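Each chain is listed here by its residues.
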Amino acid sequence: MSGCGRSEPLHVGLHPWPGYEPLLLARHFGWLPDAVHLHEGDSARNSIEGLKAGTLSAACLTLDEVLGVRVAGTPLTVILVMNESVGADAVLARPGIRTLTALKGKRIAVEKGAVGSLVLQKTLAAAGLAAHDIDKVNAAPSEQLPLWEAKQIDVAISYPPYSKQLIRAGAHPLYDSRAFPHTILDVLAVRSDRMRAHDTGLRGLVAGYLRALEHLRVNREDALRRIAAWRGTSFEETEAAYRGLHLPSGEENRRLLAPQGDLIRTARNLNELMTTSALLPEPDTLTNLTNAAYLPSDR
Amino acid sequence: MSTLFSWTLRAWLLIALTLGSTITTAEEHLKLGVFAYLPKPVMEQRFQPLANYLSTQLDQPVDLVVLDQEDMEAAVNAGRVDLLLTNPSHYLIVRNRSSMVSVLATVVSREKGQEVASLGGVIVTLSDRADIQSIRDLERQRIGVPGMRYMGGFQTQALELLEAGVSLPQGEHLLLLGTHDRVIDAVLEGRVDAGFVRTGVIEHLVNEGKLDSTRLKVIHPQQFAGFPYRVSTRLYPEWPVVALMSVDRPTMRRLSVALLALDADHPAARAAHIGGFVPPADYTPVEQLARRLRMPPYDTSPEFTLADVWTQYRWGIVMGGMTLGVVILLLMLVAHRQRALKAALQALDTAFQERENLAKQVPGVIYQFRLRADGTSHFPYASKGIRDIYGVTPEQVMDDASRVFEAIHPDDVDRISTSIQASARTLTVWHEQYRVNLPDGRTIWVEGESSPEARSDGSIQWHGYIRDITERVQVDQELRDERRRLNDILVGTHVGTWEWNVQTGETIFNERWAEIIGYRLEELRPISIETWMKFTHPDDLKISSELLEKHFRGEAPYYECEARMRHRDGHWVWILDRGKVATWTSDGKPLLMSGTHQDITQRKQADQALRLAANVFSHAREGILITDREANIVEVNQAFVHITGYSREEVLGKNPRLLNSGRQDKDFYAAMFHDLQTQGHWHGELWNRRKDGNVYAEMLTITAVRDGSGEVQNYIALFSDITPLKEHQAQLEHIAHYDALTRLPNRWLLADRLKQGMRQASRRGQLVAVVYLDLDGFKAVNDIHGHEVGDQLLIGLAHRMSKALREGDTLARIGGDEFVGVLVDLPNAESCTPTLQRLLHAAAEAVYVGDLELHVSASIGVSIYPQAEEVDPDQLVRQADQAMYQAKQSGKNRYHIFDAEQDRSVRGRHESLERIRQALKNHEFVLYYQPKVHMQSGEVLGAEALIRWQHPERGLLPPAAFLPVIENHPLAVELGEWVLDNALTQIEAWHGQGLSISVSVNVGALELQHPDFVSRLHTLLDRHPGVRAQDLELEILETSALEDFAAVSRVMATCQEMGIKFSVDDFGTGYSSLTYLKRLPAATLKIDQSFVRDMLDNPEDLAILKGLLGLAEAFNRQVIAEGVETPAHGEMLLRLGCTCGQGYAIARPMPAQDLPRWAMTWTAPPSWNLTPDFSGQSR
């Protein structure tokens, strides 16, 4: 009876980002299977390295980051779309910089090999600038505040909660992901080679996440005040951060993850964009990119 | 009914609007009930200002009623309160009782400047209770709460305990203390181990100095940003202000406004210790809380309702198409089971038998299962059905459940164990589906559900049932497969789907349904049948509903309709909407209907294009004919039928050659086919034959239609009947080429025919004759009878003269009374003579116009092609014209052939003179004689000798052909002598035949002036002793006489002495003067034929003629008229008193041998005998 078999631990990487908070909420309320271990890194880089090294079996990443990891040789499958960025990813600039063209020659902090590069690419394209027109400083959002305060950067590509720190430090948003919808998708990606082994854990992970998402929906104040508390931001700021995000429900996820669903479509676009702008050395095959089987059944 | 209702409603609304304010503001007191979470006096003190505030704002008394839990229930039930300010869980109860309640606003609490619209619960214990550190330490502690219906005072904490796996306090462990303050007191006093209060209570007490905060500690503290209170639970929306059904809408609105407008600093807010109000919060979390705790109104147990069953099995039932019977049975079973289960559990210990009876009714097993604190488990009770589920007897598991777990499928057993543990920990319903291996080797699927309860001995006990669902799982699996297949098909066929509850309007679409009109399904929400109606074209919607009605009435087995829907981009999308009613209500109304949407826009567009093409095909004025690649007709249109006269049925399958007229040769069709092969089309004109045999012209375009591989599939022929056009063209051509009056070819066509004839002659080595024909006396007809008659004459003559020609010859009218003929295929020049004679004859014959008998004649000039020199058509015509003139000169009604050689000789004289000299030597000249008569008596007065050249090659040539050549040449004298000699010889001969006749001979000026003239005349006369001098008359031209008047006069005088008479020829053409006339010793004046010929037409000529006659009379000269061409001329001359005449009407010049016979037989025309002699002159 009590001797239930212990499941293999499922190590899941994530980093601070409003879209990932429901996972932490789920953990807080005990809605995740015991086998699931969340590993909070500072930035996507930690998760990416963990996946490649095999210390993590799954991680919360943006779709472009997923493609990067796949092309680099670690097969990943997306089993859940956590959010779409509609404004949360932003280009923050010093007060003097009011236009996109003014970015020319500026020192821009961006996390290399992560979603920031994609945002930068989109921004440069909109500004009509080339990569060599700017001075790129490789820094993850979590590392940008000291550089900003030391005046070593003029512009930073960031996202909440880090973007709040920069705004408090005087930065103003110049451009954000509202300008390029259906581009930045945060997903839960699993190493394809480990999916079978973690079947139960992944199901529980997704179910727990969706339950927390429901909590966020119906008991907004409870959820947001908790998140704000552990992020050290205010309720209002947290609420504002979610305005830049669209969090698809389980039902919507089923559609997004369908074989010819929106995710694949977005991935195709990203694939092309990233290949032409050298963010990817070669296009991803996109095979086995999605799997909707871990979503709860219709019932 | 509905009309009446709507009228009534409208009337009511009108009244309400008119009287509205008076009704709602009647001096009714609104009663604001506030739930007393604090002692009543405190509550009244706190909330009276709010009631006052609302009274002022509403201009209507608002009475405050503070109610505790029991009072509140009664007051609400009795309708004694209108507004409620109560906690969320109580609101749920009220709402559950009556749906006519509305939340107007949610309270905002305020603490230290922080305003929050959430509340939670706090768990407190004394700070020094080291044994109580975490929530788990509350197990089996005595807990004080204000009451179980307090949200913040019990329910919120209860959920946290459940989640943490801590048993809820009950019995002696739960103390209901009535208010939060008392709970704090009880904790402080140690009467309870821990207390539950709502958020904010502690802070208030501390603020009021009634509590030392250090004495208490909060258990299970939660971290919330910006939340001013200590809290142990999750957060829920704050208290709502609830309007009960007694409050009308206008009042509700004003209340809402008043509440939301209440500022945090307003005395009413401060008194109530609140921060004001915000718009209504979502009370779903409260609802979920109540459900989890099975608190009122969700306190029915187990948490397993009909609705749940329906929700759970809906898909299976609907999609699987189970019969209604099965559904009802299932529902009845569940309902029955639910009731039975509840009863059974309640009566477990006392009514065992009843339970057993009941258990028999229920398929599967009803059981109690207990998990002991030591981890072992057993079934204190199991109905006999456990044998069917686990293959064990109730007795076998009464003390130890191991055998049951052994029976569970190895792959499922861990999951079941885990879920049992979770259920035990959270005290939530256990519900699982899993496999069991039965002793007989079968594996079955079972479903179990049971509710746990924590027992005081630390064990957890479940009451529940398990049943065999193998069949259902299989059905489910099949259904899933089927559904997947169906979905694959839907996705694969790109079909939109819809399900519609006809009675309620509830509608479900799939994503594709929305995608067809450019939307995502999400964007169309909320979805109902209105969504369809909104996007569908109104016209089509009408058709759709008619078709639907038809289907509903059972007249159509299914519904099918093509309709336009407005695409997001604004254009219309054609969809094929199909469906069928799947379920009917018991009274035969359609209930559930489902169907599909297919995007058929492309097909519709193709249809429209086809329809247009078909329209063009059938209504085109052009005939259209379509064949297959073997040129068999596969389709024709109406215009084809109209033009060709063939019906469609007659030509289908036939080859278009049935229309062939034979007017085009093989080469034509070969070229057409070649064009079709190489260029894919052919365009041109063609003669075809109608069914009635008539030939018609068509303008035809044939196009080869090729398929994808370039192979010709069809030929399409488009043609229009251009016969009328052709006819018109021909008419125009006729007008251009033919003379409108006589229908003879005109000058243009003549030129064409002439050229053609010349070419042909050159090729064939033959001759062409150009005949220039001028009518003699036509002018007179016109003048006397008018143009109409003249025209009729021309028409008649043209017709007659045309007939005189041979086939292949052409007669053209080139103007007035002038015609030109082209005679072709002539072997030699002479061969045209018969035709010329026929022409002369045709022209001279009388023409009858009405009662008139008209006579004219023709003068014809002829030129022959080819000639020694190069000659063009114009030249030929000019030559013929010249010849015609000669013919006229020679007395009209005759033809004259242009002598190219002679013409040439005029230009090259030597040769010709020589030829004439030779001719003289060879006796090629002859004399013709034209009689001169007395027209009235018919007496032959004499004959004029006229020289002709009987040319061995060119035939008989008139003097004009050679005399001009020798004029002023000695040869002329020689020829003149020959003429005189010959004429004298002839006179002698005639005398010998008994014909006494004088002969006049023309003498040229040169001859007359010759010094030897008189002597030679003598010699000649001497040589012809049988000739008397008076038998000879000499005619001299007026002009030659005038040349040397004196000399001529002398010669004349000498001759007269000899007895020889003279006459002046061509009198009137010279410059005769009276002096000249008087002195000229000529007995006779010959009036020039030009005056005579035209006197009938030309009054001037007539006047001159009259003048000449008058002169002749005055000078006592005899007169004779030349050019008497017709009897009419004779009549006129006779009328004028001129009795002697010479001309065609009397006789043409004739060979000498013909004269005697002529003289014997000739009689004057009868009309001349009757003509009175006005002049009175006589011989």
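Just so we're clear, the structure is a prediction, and the values are computed from it rather than from any experiment.

## Looking at the overall build of chain B
A count of helical and extended segments in chain B gives 45 helices and 46 strands. Taking the contacts inside chain B whose residues are at least 6 apart along the sequence as the reference set, 63% of them involve residues at least 24 apart. Summing over all exposed atoms, chain B offers an accessible surface of approximately 57,000 Å²; the carbon and sulfur share of this is 53%.

## Notes on the pairing of strand β22 (residues 559–566) of chain B
Only one face of β22 of chain B is buried: it carries Tyr559, Cys561, Ala563 and Met565 of chain B, and the other face, with Glu560, Glu562, Arg564 and Arg566 of chain B, is open. What sits between β22 of chain B and strand β23 (residues 572–584) of chain B in their antiparallel hairpin is a turn of 5 residues, with Gly570 of chain B showing a positive phi close to 105°.

## With respect to the interface of chain B and chain A
Across the boundary between the two partners, chain B contributes 37 residues, which contact 26 residues of chain A. Buried area between chain B and chain A, summed over both chains or domains, comes out near 2,300 Å², and the portion from carbon and sulfur atoms is 45%. The largest share of the area that chain B buries against chain A comes from Ala225, Arg234 and Arg520 of chain B, three residues that together contribute 22% of it. On inspection of chain B and its partner chain A, the count reaches 3 salt bridges. Residues Glu511 of chain B and Arg255 of chain A are paired through a salt bridge, measuring 3.6 Å at the closest nitrogen-oxygen approach. Applying the counting rule to chain B against chain A returns 7 residue pairs in polar contact (both at pLDDT 80 or more). Elements supplying a minimum of two residues to the side of chain B that touches chain A: β5 (114–116), α10 (284–293), α16 (410–426) and α17 (470–493) of chain B. A per-element tally of the side of chain B that touches chain A places α16 of chain B first, with 5 residues. Split into classes, the residues belonging to the side of chain B that touches chain A amount to 11 nonpolar, 13 polar and 13 charged.

## Notes on the side chain of Glu447 of chain B
Structurally, the position occupied by Glu447 of chain B is in strand β18 (residues 443–454). Of the polar contacts made by the side chain of Glu447 of chain B, one reaches the side chain of Gln433 of chain B; its length is 3.1 Å.

## Observations regarding the confidence of the model for chain A
Caution applies to low-pLDDT regions: their predicted coordinates should not be interpreted in detail. All names here are of chain A. When pLDDT is averaged along chain A, the result is 89, and 97% of the positions lie at 70 or above. Per-element mean pLDDT across chain A ranges from 85 in helix α9 (residues 235–243) up to 95 in strand β1 (residues 10–14). Throughout residues 1–6 the model reports pLDDT below 50, and contacts reaching past four residues in sequence, or to other chains, amount to 12 contacts.

## Comments concerning the sheet that holds strand β15 (residues 365–371) of chain B
Residues and elements named next belong to chain B. Strands sit in the order β16-β15-β19-β18-β17 across an open sheet of 5 strands; the sheet is antiparallel. Both edges of this open sheet fall to β16 (377–382) and β17 (430–437), since each of them pairs with a single strand only. Going across the sheet, the axis of each strand differs from the next one's by a mean of 30°, ignoring polarity. When β18 meets strand β19 (residues 460–468), the two strands line up antiparallel, connected through 9 bridges. Bridge pairing links Glu453 to Gln461 in β19. Each of β15, β17, β18 and β19 is contacted by α16, which is oriented at about 155° to β17, the strand it contacts most.

About the thresholds
Residues numbered from 1 in each chain as written. Chains lettered and ligands numbered in written order. Predicted model: local features only at pLDDT ≥ 70, side-chain atom pairs only at ≥ 80, totals over all residues. Heavy atoms only, no water. Helix = DSSP H or I, 4+ residues; strand = E, 2+ residues; numbered from the N terminus. Contact = heavy atoms within 4.5 Å. Areas by Shrake-Rupley, 256 points an atom, 1.4 Å probe, with all protein chains shown as cover. Buried < 20%, exposed > 50% of the residue type's maximum accessible area, 1.4 Å probe, protein only. Pairing = 2+ DSSP bridges. Buried area = accessible area lost by both parts, 1.4 Å probe. Salt bridge = Lys/Arg side-chain N within 4 Å of Asp/Glu carboxyl O. Polar contact = N/O pair within 3.5 Å; in protein donor to acceptor, adjacent residues only side chain to side chain. Nonpolar A, V, L, I, M, F, W, Y, C, P; charged D, E, K, R; others polar. pLDDT = per-residue confidence, 0-100. Axes fitted to C-alpha atoms, helices over the stretch in contact; angles between N-to-C directions.

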